[in-house]
Amino acid sequence: MYNYKTEAAQFLSKNADSLNALSVDQISDMIEIPPDKKMGDLALPCFKLSRILKKAPPAIADDLKNSLILDSEFSKIFKNVESISGYLNFFINESTYCETLKDILSSPDTYGSSNTGNGKTIVIDYSSPNIAKPFHIGHLRSTVIGQSIKNIFKFSGYSCIGVNHLGDWGTQFGKLIVAYKKWGSKEDIENRGIKALTDIYVKFHKEAESDPDLENEARQAFAKLERHDEEYFNLWQWFVDISIKEFKKTYQLIGADFESWLGESFYFDKTERVINELKSKNLLTLDDGAYIVKLDDYGMNPCLILKSDGSTIYATRDIAAAIYRKETYNFDKCIYVTSAGQSLHFAQFFKVIDLMGYEWAKDLVHVPFGTVSIAGAKLSTRDGNIVLLEDLFKDAISKTLEIINEKNPDLEDKENVAKAVGVGAVIFHDLSNNRIKDINFVWDDVLSFEGNTGPYVQYTYARCAGITDKADSKIDLKNLVLTNELECDLLRTLHEFPAKVGQARDELEPSIITRYLLDVCQSFNRFYHDCPVLKADDANIRNTRIALVSATASVLKNGLSLICLKTPKNI
Ligand code: ARG
């Protein structure tokens, strides 16, 4: 398949002596896709060259244009090149778009994939909720952003290890054990699961306000747990099992899957090695009974390693986990997906690993995302301002079912369709904007099926699939003719898919795919509005248009699956 940017860059490099100092890759990196198609299919912004060439951008664009020899090699791919306001614009020859169509249809399921990552391993730590705490919309982001990033890396040939680094260790388990022993009921917890555990945890905090001794009891209980006291350990294990069972229901709806479920507790006996190593490397400082690593030289507060009561913390376990992952998987990159609120934590412990002398500290990447608020207010378990994922999905699915019952009551398999569309709406909404943007969660927006939403994309897919199913003849790839500008537009959009996957991967930004899919739908619907497909008079035109519809279906399907959305054929 043509990579038009590389083709244009090669062409420039061959013809324009003034660019001799640059490699083909460097030129290709400068080339952009103009937002307005009137400005060509590709553009080289010449202001990027004005420093090296010491000339004004319009003069550079003119010179470059004049130096190009528009031979048969050139016209095989491009039909024209123009200098417009400091940009050198390339116009692609329509006939080459048929190549894209052939490419898509000859391997529809893998179109957009690549082998960029062959032989490379990515560890991706995502979702990672805390045991016995509500699994709420704040966790949705880490789960869907993480799962999408993992899908995108896999599609690019990487071997991926998804890790659910469960928050299953820490002083809160001392509190939970004390609370359970005082006020808990086995039956209630078995029936109501995490909700019952949260209730006793909240009660603990309320009671502790008037009875400060409770905090001490909790500390002792956690110390006992760290010594693996059998009774306490079994209780802890029970809390973990109950929580995971509930999390898994939501994971199944989203299609999130993990290669590893090693949570914080797994690193409990691996922190000693970290502490010894930090000591022997002279990195630990005693500070008011606690051990810290000073980071003033790097403009950060110290990283706390060991509390004065001798217990380890989140950061200590994260350092142990990173070392374990490097030793176990020898990753090329280890990615952590959490809210931006934890950025300092990651910057601190990445620095500690760097100071320990591990050169792979540079391969640790934090992928932050914006916080979620509900109708403008901060999420808070204690004030009850949370929306549980389980309830959110339940509502989304039942609302979808209502719409189906109203509009299409005889639809086959409607429960499953409602699941795919309802859950899809929620996920798509979450992935619509750049991940770093804060989200204000408004029910009506999330469950709106109008406009730029998941259901709109899924519906467009179903429409394409319906048309191709109805076409009785087999697509003939040898007889493709493009006769309408809207067909070319659609193909130009479909052609961008592999590059968009690459961009989403490099920027760790699933919203690039989400927004791209909306572009595809828009291009498709414009085409479909103006160009009869099954009713086209000419056999070759009909054949080509069916091919276009089928290619659109494949791109939508592959793209949607990258962002965790299913593609029912009938909606
Ligand atoms: N359990 C943490 C939380 O809910 C997220 C863990 C992220 N991963 C990590 N290795 N620190 O905030």
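Here is what the cut-offs are and how they apply
- Residues numbered from 1 in each chain as written.
- Predicted model: local features only at pLDDT ≥ 70, side-chain atom pairs only at ≥ 80, totals over all residues.
- Heavy atoms only, no water.
- Helix = DSSP H or I, 4+ residues; strand = E, 2+ residues; numbered from the N terminus.
- Buried < 20%, exposed > 50% of the residue type's maximum accessible area, 1.4 Å probe, protein only.
- Contact = heavy atoms within 4.5 Å.
- Areas by Shrake-Rupley, 256 points an atom, 1.4 Å probe, with all protein chains shown as cover.
- Lys, Arg positive; Asp, Glu negative; His and termini not counted.
- Charge placed at Lys NZ, Arg CZ, Asp CG, Glu CD.
- 1 Å grid on protein atoms, 1.4 Å probe; cavity = no way out; pocket = protein on both sides within 12 Å on 5 of 7 lines; lining within 4 Å.
- Points joined across faces, edges and corners; volume = space filled by probe spheres on them.
- Nonpolar A, V, L, I, M, F, W, Y, C, P; charged D, E, K, R; others polar.
- Salt bridge = Lys/Arg side-chain N within 4 Å of Asp/Glu carboxyl O.
- Expected span 1.5 Å × (residues − 1).
- Phe/Tyr/Trp six-rings, centres within 6.5 Å; stacked < 30°, edge-to-face > 60°.
- Near = heavy atom within 4 Å.
- Polar contact = N/O pair within 3.5 Å; in protein donor to acceptor, adjacent residues only side chain to side chain.

> Mind showing me how you'd approach the overall build of the chain here?
Each helix and strand in the chain was counted, giving 23 helices and 13 strands. Based on the C-alpha atoms only, the size of the chain along its principal axes is roughly 85 × 65 × 40 Å. Every one of the 571 residues in the chain was classed for burial, and the buried ones make up 53%. Considering only contacts in the chain between residues 6 or more positions apart, those separated by 24 or more positions represent 74%. Taken as a whole, the chain presents about 26,000 Å² of accessible surface, with 47% of it coming from carbon and sulfur. Here the chain holds 67 positive side-chain charges and 80 negative ones, and the gap between their average locations is 1 Å.

> What is the right way to read the layout of surface pockets from this model?
Taking a probe equal in size to a water molecule and rolling it over the atoms shows the remaining empty space. The computed volume of the largest pocket comes to approximately 1,300 Å³. What lines the largest pocket is a set of 41 residues, among which Lys5, Ile33, Glu496, Ala499 and Lys500 lie closest to the centre. Contributions of two or more residues to the lining of the largest pocket are made by helix H1 (4-15), helix H2 (24-30), helix H20 (485-495), helix H21 (497-507) and helix H22 (511-530). At eight residues, the largest contribution of residues to the lining of the largest pocket is made by H21. Classifying every residue of the lining of the largest pocket by side-chain character gives 13 nonpolar, 14 polar and 14 charged. What the second largest pocket holds in volume is close to 880 Å³. Going through the elements one at a time, helix H7 (137-155), helix H14 (314-329) and strand S9 (333-339) are the ones with two or more residues in the lining of the second largest pocket. Ranked by residues supplied to the lining of the second largest pocket, first place goes to S9 with four residues.

> Would you explain the pattern of salt bridges in this entry?
Pairs can form between side chains of opposite charge whenever their charged atoms are close. Inspection of every chain in the model, using the stated rule, returns 28 salt bridges. Among the salt bridges present, the one from glutamate 99 reaches lysine 102, with a minimum N-O distance of 3.8 Å. On the criterion of helical spacing, the pair formed by glutamate 99 and lysine 102 is a turn pair, its members being three residues apart in helix H6 (residues 94-106). A relative accessible area of 33% means that glutamate 99 is categorised as partly exposed. Of the charged contacts, one joins aspartate 257 and lysine 150 as a salt bridge, the two residues approaching to 3.3 Å between their closest N and O atoms.

> I'm lost on helix H17 (residues 414-430) in this one. Help?
An α-helical turn contains 3.6 residues, so a residue and the one three or four places further along point in the same direction. Here H17 contains 17 residues, and its C-alpha end-to-end distance of 24 Å stays within 8% of the 24 Å for a straight helix at 1.5 Å per residue. With 12 of 17 residues buried, H17 lies mostly within the body of the structure. Where H17 is concerned, the buried positions are Val417, Ala418, Ala420, Val421, Gly422, Val423, Gly424, Ala425, Val426, Ile427, Phe428 and Asp430.

> What should I look at first to understand the packing of aromatic side chains in this one?
Between two aromatic rings, the relevant description is the distance of the centres plus the angle of the planes. For the structure shown, the criterion picks out 33 aromatic pairs. Here phenylalanine 135 and phenylalanine 247 contribute two aromatic rings whose centre-to-centre distance is 4.8 Å and whose plane-to-plane angle is 55°, an arrangement assigned as tilted. Separated by 112 residues along the polypeptide, phenylalanine 135 in the loop between strand S4 (121-125) and H7 and phenylalanine 247 in helix H12 (residues 230-254) bring together distant segments of the chain. In this structure, phenylalanine 135 and phenylalanine 247 share a single accessibility class: buried. Each ring, one from tryptophan 169 and one from phenylalanine 268, has its centre 5.6 Å from the other, and the planes form 40°; the classification is tilted. In this pair, tryptophan 169 is assigned in the loop between strand S5 (159-163) and helix H8 (172-183) and phenylalanine 268 in the loop between H12 and helix H13 (271-280), connecting sequence segments 99 residues apart. Take tryptophan 169: its relative accessible area is 3%, and that puts it in the buried class.

> Would you take a moment to explain the site of the ligand for this structure?
Close to the ligand lie Asp125, Ser128, Asn130, His165, Tyr314, Asp318, Tyr336, Thr338, Gln342 and Phe346, which account for all nearby residues. Asparagine 130 is positioned with one of its side-chain polar atoms (N or O) 2.8 Å from a nitrogen atom of the ligand. Measuring from a nitrogen atom of the ligand, one finds a side-chain N or O atom of tyrosine 314 at 2.8 Å. Surface burial for the ligand is 89%, taken as the share of its 350 Å² of free accessible area covered by protein chains. Going through the elements one at a time, H14 and S9 are the ones with two or more residues in the shell around the ligand. Grouping the amino acids of the shell around the ligand by side-chain chemistry returns three nonpolar, five polar and two charged.

> Can you help me understand the environment of glutamine 458 in this one?
By the element assignment, glutamine 458 lies in helix H19 (residues 454-470). With 213 residues separating them in the primary sequence, glutamine 458 and lysine 245 have C-alpha atoms 30 Å apart. Once residues lying within four places of it in the same chain are set aside, the contact partners of glutamine 458 are Ala420, Val421, Leu560, Leu565, Lys566, Pro568 and Ile571.

> What is the right way to look at the side chain of threonine 121 in this model?
In this structure, threonine 121 sits in strand S4. Beyond its immediate chain neighbours, meaning those up to four positions away, threonine 121 contacts Ser159, Ile161, Tyr329, Phe331, Asp332 and Lys333.

> Teacher, can you tell me more about the side chain of asparagine 164 here?
Residue position: asparagine 164 is located in the loop between S5 and H8. The contact partners of asparagine 164, leaving out residues within four places of it in the chain, are Tyr126, Ser127, Ser128, Pro129, Tyr251, Phe258, Ser260, Trp261, Leu262 and Gly263.

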